[in-house]
Amino acid sequence: MALQITVFPNCGFSIGTSIHHAVLDGKSMTFFVKSWAHICKHDDQSNSVLPDQLKQFYDRRVIQDSAQLGVLYSNSYRNKDGPNNRSLMFWERKPPPGSIRGTFEFTRADIETLRQLLKAKLAEQKQEDIRSVHVSTFTLACAYTWVCIVKAEEINSDQTRLAFNVDCRSRLDPPISPNYFGNCIAGRTAVAETKALFGEDGLVVAVNAISEAIKSLEKGVLDGAENWVSRLFAVRSEERILSIAGSNLFGNYDTDFGW
């Protein structure tokens, strides 16, 4: 983790950051930015001490690692291109030539339309317990996007995977501080038959797959964690894995520097 602070005399300062994801996750990074913003906004006041909700918690001893996952993971990564490869170089992920970045908005009305469409489809299929399906805004938005990407890219692999991250802080046993500074996320992967996503019930298939991945958290957020790294390394290059980054729960646009 590297920080560079540039001071502009009589004007202010700028903070540049370069951070390896092993050091911290998006939530910790957001806290860091919001802490500096709070100091900037209140630096001329006597009560510019950080509020409790922005005070970071640094004690790594609260993580109970009885399965020795830390040792397992570090050994696996060191031996991947090893032996004893201690490189901190980033895995380079270049976008394909001609890629285009796009922004698409889901309005409340869009989400509600998808929700009603899904409920109608589930009722039509006489799914026994509709309530067992996780029909949140997150699930609907991700499922619809997943189906659209599969169709737009004409993906032809047998299966397609959608990976998303889960904040472990409140899900560990015992839970740890929500302000824990570090990388405290775990992955969940939804798997679906690609041809099923192309069909007219593609949205239902995607929602069910994501719902199953979310329900797996009931077994514990670290269930099967001893196999995560080996599974990651075993993914074939031709397999298509879509992943989700960031979270609206970070509240990035609420950051107030007092300008």
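Now for a description of the structure that goes with this document. (Residues numbered from 1 in each chain as written. Predicted model: local features only at pLDDT ≥ 70, side-chain atom pairs only at ≥ 80, totals over all residues. Heavy atoms only, no water.)

## Some remarks on the overall build of the protein
Test applied: Only DSSP runs of H or I reaching four residues or more are called helices, and only runs of E reaching two or more are called strands; each is numbered from the N terminus. Relative accessible area decides the class of each residue, using a 1.4 Å probe on protein chains only: under 20% of the type maximum gives buried, over 50% gives exposed, and in between gives partly exposed. We call two residues in contact whenever any of their non-hydrogen atoms come within 4.5 Å of each other. Computed with the Shrake-Rupley method and a 1.4 Å probe, the accessible areas treat only the protein chains shown as cover for residues.
Regarding its fold elements, the protein presents seven helices and five strands. Counting only C-alpha atoms, the protein reaches 65 × 50 × 45 Å along its principal axes. When each of the 259 residues of the protein is scored for burial, the buried share is 26%. Long-range contacts, defined as pairs at least 24 residues apart, comprise 69% of the intrachain contacts of the protein with a sequence gap of at least 6. Carbon together with sulfur atoms contributes 53% to the accessible area of the protein, which is approximately 18,000 Å² in total.

## A look at the packing of aromatic side chains
Short version of the rule: Within 6.5 Å between ring centres, the rings of Phe, Tyr and Trp (the latter by its six-membered ring) count as paired, and their orientation is classed by plane angle as stacked under 30 degrees, edge-to-face over 60, tilted in between.
Scanning the entire structure with this criterion turns up six aromatic pairs. Seen from their ring centres, Tyr 58 and Phe 181 are 5.2 Å apart, and the 50 degrees between their planes marks the pair as tilted. Of the two residues, Tyr 58 is situated in the loop between α1 (26-42) and α2 (69-80) and Phe 181 in the loop between β3 (159-167) and β4 (185-193); the sequence distance between them amounts to 123 residues. Ring geometry for Phe 257 against Trp 259: centres 4.9 Å apart, planes inclined by 15 degrees, an arrangement best described as stacked. Judged by its relative accessible area of 89%, Trp 259 falls in the exposed class. Connected via pairs of aromatic rings, a cluster forms that spans Phe 13, Phe 32 and Trp 36.

## Remarks on helix α4 (residues 137-153)
The condition is simple: What a helix should span is 1.5 Å times the count of its residues minus one.
The terminal C-alpha atoms of α4, which comprises 17 residues, lie 24 Å apart, in line with the 24 Å expected from a rise of 1.5 Å per residue. Regarding α4, the residues found buried are Thr 139, Leu 140, Ala 141, Cys 142, Ala 143, Trp 146, Val 147 and Val 150. Those residues of α4 hidden inside the fold are in contact with α3 (108-124), β3, β4, α5 (194-198), α6 (202-215) and β5 (240-243). In the stretch just after α4, Glu 154 is the one whose phi turns positive, near 50 degrees.

## So, unusual backbone geometry
Note that the residue after Asp 173, namely Pro 174, is joined by a cis bond; omega there is 0 degrees. Residue placement: Pro 174 occurs in the loop between β3 and β4. One non-glycine residue with positive phi stands out, namely Asn 10, at about 65 degrees. Mapped onto the secondary structure, Asn 10 falls in the loop between β1 (2-8) and β2 (12-18). Look at Glu 154: it is not a glycine, yet its phi comes out positive at around 50 degrees. With respect to the helices, strands and loops of the structure, Glu 154 is situated in the loop between α4 and β3.

## Here's the deal with the packing of α4 against α6
Heads up, the condition is: To get an axis, fit a line to the C-alpha atoms, keeping to the stretch in contact for a helix; angles then go from 0 to 180 degrees between the N-to-C directions. Any angle between 65 and 115 degrees counts as roughly perpendicular, while under 35 counts as roughly parallel, over 145 as roughly antiparallel, and the rest as oblique. Helix crossings fall into two classes, left-handed where the near helix is turned counterclockwise from the far one by less than a right angle and right-handed where it is turned clockwise. Ten residues, namely Ala, Val, Leu, Ile, Met, Phe, Trp, Tyr, Cys and Pro, are considered nonpolar, four, namely Asp, Glu, Lys and Arg, are considered charged, and the remaining ones, Gly among them, are considered polar.
The contact between α4 and α6 brings their axes to 9 Å, and the two run at 130 degrees. In this view, α4 runs oblique relative to α6, as classed from their interaxial angle. Where α4 crosses over α6, the handedness of that crossing is right-handed. When α4 is examined against α6, the residues Phe 138, Thr 139, Leu 140, Cys 142, Ala 143, Tyr 144, Trp 146 and Val 147 are found in contact with a partner set consisting of Gly 202, Leu 203, Ala 206, Val 207, Ala 209, Ile 210 and Ile 214. Grouping the amino acids of the contact of α4 with α6 by side-chain chemistry returns 13 nonpolar, two polar and no charged.

## Points about the pattern of salt bridges
Going by this rule: The term salt bridge refers to a pairing of a side-chain nitrogen on Lys or Arg with a carboxyl oxygen on Asp or Glu at a separation within 4 Å.
According to the stated counting rule, one finds nine salt bridges in the structure shown. Between Asp 59 and Arg 61 there is a salt bridge; the shortest N-O distance is 3.0 Å. Accessibility expressed as a relative area gives 24% for Asp 59, which makes it partly exposed. Salt bridges linked by common partners bring Asp 25, Lys 27, Asp 167 and Arg 169 together as one network.

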